[in-house]
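# Understanding the architecture of this molecule
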Amino acid sequence: MMWGRLVRVRGGVAPTLLPLAVRHEGRSLGRTPFFQNASYSTAAAERKKFYKDVSISQGDGGLFEISLDRRKLRTPGGKLFTVPNEALAIAVATEWDAQKDTLKFYTMHMTTLCNTALDNPTQRNQVQMISAALKFLETDTVCYRVEEPPGLVELQKNEWDPVMAWIEKRYNVVIGSSSDIMGPSIPEETKETFRQHLLSYNFWSLTGLEYVITQLKSVVLSLGLVDRHLSVEQAVLLSRLEEEYQIQRWGNVEWAHDYDMYELRARSAAGALFVQLSSESCTVKRKLLQD
Amino acid sequence: MAALTSPLRVCRGILKEIRHLKGPDYKHSMVYAYVLDQFRKNEVTGARHCRAQVEALHASHTYLCLLASTRQHMTLHKLYHGKGERGPEEVAGIVGLRLPTQPGGKGWEK
């Protein structure tokens, strides 16, 4: 996976080494695809805002497109930016509309997730994504317990055990927790159950779920969030439980602790919303509501 | 179940965030119309447990969290991380120190 990315970056040496903004100016915006040869580079986290109006329209096949002034938005991979439903289109359009003088791409989480789903930069299929997501189960945050200090032991027991009980009941599996450095030994049947369950997700919602899992560092908490057992705030709190304990003991530092927490909340919320908006139940729900 | 606040509070919260993003004419944005529309559609008068409503409420709560957290994160980012590296004087100032000064100006010892 990594090699694929590196090779692609090298393939377009001349254009990719320049910052996006510079590359962009020499090109007529109308016809040429946005960022056509651009690979996923971290070079441009920000750029100048170049449009005034953001609008959405429904194109061929019922997919929704975003227009900046009169130009169609494209993904970094050069594809036409399309999303499956109006809610998602509005969420993305709002992010573009909310940018002031500079585009801060690192605040546009919904756009980022759509780009990832559309371009699939790591070129993985669903089975590979499920394996990657379930890898987190073996080292799940809520499975690792401490033996000291007693306050934290108590806290982990009180806060994490209910979520653990919920997921074991909801999916009828055994996960267990451990204070051993090797972690708990999770039965093969448990992984198989989750694998089967995740196969029911479509590619888009799987992209969102994997993103949430990598943020919260926990399959258990992520499923709790997308299954609506936990709110974003609760899931983030449980994910950062040890940090919260240390904050209570040693004090809060706004520029590190709060900064991280808000970022984690924003990212997890975006991922969870992305799962919900791009999963099947959303369209069914809307049909039901229409009559 | 996740502890969720009332739909009205979530709705007002989202509209407040939109106003923050869009300024005074936020009522003309499409997200404003869409959010209000969704909340009106999901209003039910009966007290029966409604799955679609619970789903919608959770989604709206999640969206509110996304908007609010992004704003708060940006506020802290601007305050602490947005200015690049600090100069030596400023760094010393943070911990209440001052850099030593040379009485005759720079290069006085020559």
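Heads up: the structure comes first, above all this text.
These numbers were taken from a predicted model, which means no experiment stands behind them. (Residues numbered from 1 in each chain as written. Chains lettered and ligands numbered in written order. Predicted model: local features only at pLDDT ≥ 70, side-chain atom pairs only at ≥ 80, totals over all residues. Heavy atoms only, no water.)

## Some details on empty space enclosed by the protein
- Applying the stated criterion to the full structure yields three cavities of 30 Å³ or more.
- Computed from the structure, the largest cavity encloses a volume of approximately 40 Å³.
- Contributing to the lining of the largest cavity are Leu 225, Val 226, Ala 272, Leu 273, Val 275 and Gln 276 of chain A together with His 58 and Thr 62 of chain B.
- Sorting the residues of the lining of the largest cavity by element identifies α10 (219–226) and α13 (254–278) of chain A together with α3 (51–81) of chain B as the ones contributing at least two each. (1 Å grid on protein atoms, 1.4 Å probe; cavity = no way out; pocket = protein on both sides within 12 Å on 5 of 7 lines; lining within 4 Å. Points joined across faces, edges and corners; volume = space filled by probe spheres on them. Helix = DSSP H or I, 4+ residues; strand = E, 2+ residues; numbered from the N terminus.)

## Some thoughts on a nonpolar patch on the surface
Residue and element names in this part refer to chain B.
- A contiguous nonpolar patch, built from Ile 94, Val 95 and Leu 97 and spanning about 320 Å² of accessible area, is present on the exposed surface.
- Looking at the element boundaries, Ile 94 is found in helix α4 (residues 88–94).
- The exposed category is assigned to Ile 94, whose relative accessible area is 55%. (Patch = residues over 30% accessible without salt bridge, like charges linked within 9 Å, V, L, I, M, F, W, Y side chains within 5 Å. Areas by Shrake-Rupley, 256 points an atom, 1.4 Å probe, with all protein chains shown as cover. Salt bridge = Lys/Arg side-chain N within 4 Å of Asp/Glu carboxyl O. Buried < 20%, exposed > 50% of the residue type's maximum accessible area, 1.4 Å probe, protein only.)

## Some words on the interface of chain A and chain B
- Taken together, the contacts link 41 residues of chain A with 33 residues of chain B.
- Of the roughly 3,500 Å² buried between chain A and chain B on both sides combined, carbon and sulfur atoms contribute 68%.
- Counting across the interface, chain A meets chain B through two salt bridges.
- With a shortest N-O distance of 3.3 Å, Glu 55 of chain B and Arg 228 of chain A are connected by a salt bridge.
- Where chain A meets chain B, there are six residue pairs in polar contact (both at pLDDT 80 or more).
- Those elements that provide at least two residues to the side of chain A that touches chain B are β2 (54–58), α4 (86–98), α5 (109–119), α11 (232–239), α13 and α14 (280–290) of chain A.
- The greatest single-element share of the side of chain A that touches chain B, amounting to 13 residues, is contributed by α13 of chain A.
- Tallied by class, the residues present in the side of chain A that touches chain B amount to 21 nonpolar, nine polar and eleven charged. (Contact = heavy atoms within 4.5 Å. Buried area = accessible area lost by both parts, 1.4 Å probe. Polar contact = N/O pair within 3.5 Å; in protein donor to acceptor, adjacent residues only side chain to side chain. Nonpolar A, V, L, I, M, F, W, Y, C, P; charged D, E, K, R; others polar.)

## A closer look at unusual backbone geometry
Residues and elements named next belong to chain A.
- In this chain, Glu 148 is followed by Pro 149 through a cis amide linkage whose omega measures -5 degrees.
- Of note, the phi angle at Gln 123 is positive, near 55 degrees, even though the residue is not glycine.
- At Lys 217, a residue that is not glycine, the phi angle is positive and equals roughly 55 degrees.
- Counting through the fold element by element, Lys 217 comes out in the loop between α9 (203–216) and α10.

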